[in-house]
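Remarks on the overall topology
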Amino acid sequence: MGENTRQIVVDTLLELERDQEYSHNLIKAVLDKYDYLDGRDKAFIKRVAEGTTERKIELDYYLEKFSSVPVRKMKPLIRVLLRMSLYQLLYMDGVPDSAVCNEACKIAAKRGFADLKGFVNGVLRNLARNKERLPLPDRGKDEAGYFSVKYSMPRLITQMWLDEYGREITETLLRKMLEPQPVSIRFRTGFSEEERLSWLDKIRTVQAKAVQSPYLPYVYTVKNAEGIRTLPGFGEGAFTVQDVSSALAVEAAGIEREDFVLDVCAAPGGKTLLAAEKGARVLARDVSGRKTALIRENLDRMKTANVMVQVFDGCRTDSSLHEKADVILLDVPCSGLGVLGKKRDIKYHVDADGLKSLEGLQKRILEQSWRYVKPGGILLYSTCTIRR
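Here's what I pulled together on the structure shown here. (Residues numbered from 1 in each chain as written. Predicted model: local features only at pLDDT ≥ 70, side-chain atom pairs only at ≥ 80, totals over all residues. Heavy atoms only, no water.)

1. Brief notes about helix α2 (residues 23-33)
Applied cut-off: Burial here depends on accessible area, computed with a 1.4 Å probe over protein chains only, as a share of the maximum for the residue type. Under 20% is buried, over 50% is exposed, and the range in between is partly exposed. In this text, helices come from DSSP runs of H or I with a minimum length of four residues, and strands from runs of E with a minimum of two, each type numbered from the N-terminal end. Starting at the helix axis, one direction is taken to each C-beta atom, and the arc is that of these directions.
When we look at burial in α2, the residues that qualify are Ser23, Leu26, Ile27, Val30 and Leu31. In a view along the axis of α2, the buried residues occupy a sector of 135°, so they form one face of it.

2. Brief notes about unusual backbone geometry
A cis amide bond links alanine 267 to the next residue, proline 268, at an omega of 0°. Following the sequence through the fold, proline 268 ends up in the loop between β5 (260-263) and α12 (270-277). A positive phi angle, near 75°, is found at glutamate 258, a position not held by glycine. Note on placement: glutamate 258 falls in the loop between α11 (244-252) and β5. Look at glutamate 323: it is not a glycine, yet its phi comes out positive at around 60°. Structurally, glutamate 323 can be placed in the loop between β7 (307-311) and β8 (325-331).

3. With respect to the sheet that holds strand β3 (residues 219-223)
To keep things clear, this is the line we draw: Here a strand pair is declared whenever DSSP counts at least two bridges between the two strands. To get an axis, fit a line to the C-alpha atoms, keeping to the stretch in contact for a helix; angles then go from 0 to 180 degrees between the N-to-C directions. Note on definitions: a residue-residue contact is assigned when non-hydrogen atoms from the two residues lie within 4.5 Å.
The four strands are arranged β2-β3-β1-β4 in an open sheet whose pairing can be described as antiparallel. Pairing within the sheet leaves two strands with one partner each, and these edge strands are β2 (209-212) and β4 (239-241). Each neighbouring strand pair of the sheet contributes to a mean axis angle of 35°, computed without reference to strand direction. Both β2 and β3 contribute to a ladder of four bridges, which runs antiparallel. For alanine 210, the partnering residue across the bridge sits in β3 and is valine 222. Those strands touched by helix α10 (residues 193-204) are β1 (183-187), β2, β3 and β4, and its axis lies near 145° from that of β1. Packing against the sheet, α12 makes contact with β1 and β4, and its axis sits at approximately 20° to β1.

Printed below as a string of structure tokens:
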């Protein structure tokens with residue numbers, strides 16, 4: 001890949017550093033902006049931007065070992081340029097080491113840092129020579145630190161999981177978080193098997209690979225798709241993006257036709273859609289107009305009836321709904337530690353105070369929401385975290 005493609009990655013990583021935007025949102029916006037590029041160039045941008053973000057802790061650890069300047073004191077452009085170049089050296093065998101080093105020096109010069117070309121070249125070539133024997137922290141003396149660098153996870157999280165789950169489960173979690181995470185789609189439940197297979201055939205015509213979930217027949221993981229919105233069936237409302245875990249939560253609630261279902265924290269609307277498809281009357285709420293707009297967008301695309309959408313703060317009381325709901329869906333705001341494999345930089349926004357404040361928020365929402373359940377009804381509580 002050429003200099004221009006790498007410069008797009010540099011600008012993307014700089015934007016992430018400046019604005020604290022979540023990477024999955026920004027990278028999608030960048031790929032949409034440069035949609036005219038060759039598919040290989042777009043794949044390169046996505047891979048390097050995502051990989052550099054995901055592996056930032058590990059990359060910075062090695063840069064500290066081989067650089068005379070601490071990472072935090074580097075010029076921002078030089079810092080992201082070294083990170084993305086080191087990611088290529090370690091994880092992209094198809095890119096020659098010499099090309100990585102040369103392109104990095106060209107970009108440094110072109111962006112006004114010609115005097116730092118020698119520094120960039122020296123750090124990267126030294127790392128390239130030693131990349132098969134880069135040092136990790138001593139596992140015997142500092143297991144949390146060892147896991148933090150090896151799996152590029154903040155020490156706060158590795159120590160927390162070691163304390164809660166022990167060594168074996170923690171390492172399994174960390175390893176799985178770094179594996180590629182395909183997108184999951186859920187087909188309309190009203191489709192016959194023949195209709196679903198017809199849409200799958202159309203999806204495969206664009207070289208995407210769809211694999212049925214072992215847990216629910218209408219959920220599939222999709223690989224090799226440049227964008228879910230471009231797949232046949234998305235615009236027609238044949239399917240929506242929803243993980244099997246989310247769909248299973250709705251199935252566990254035992255929703256029946258004509259039930260009144262209250263989805264308290266509903267955006268972007270996956271559980272609401274599935275409940276409505278089961279014939280329930282659904283009231284979908286969330287805390288802001290931005291979030292409820294996401295719900296409405298999905299409802300319109302999926303042509304789903306039986307749903308009312310409202311802006312409402314789940315921490316408030318609505319006495320008009322006391323003991324009215326057959327089912328409450330309560331997917332509360334959480335740290336998202338269970339979906340780190342899909343949202344690669346949530347981990348960098350986690351801190352002890354934030355975790356504590358989320359616990360308080362969850363309790364306040366629960367204290368209000370249980371009152372809405374009819375005697376004998378169901379309250380289904382779920383989160384996408386794995387912190388006890």
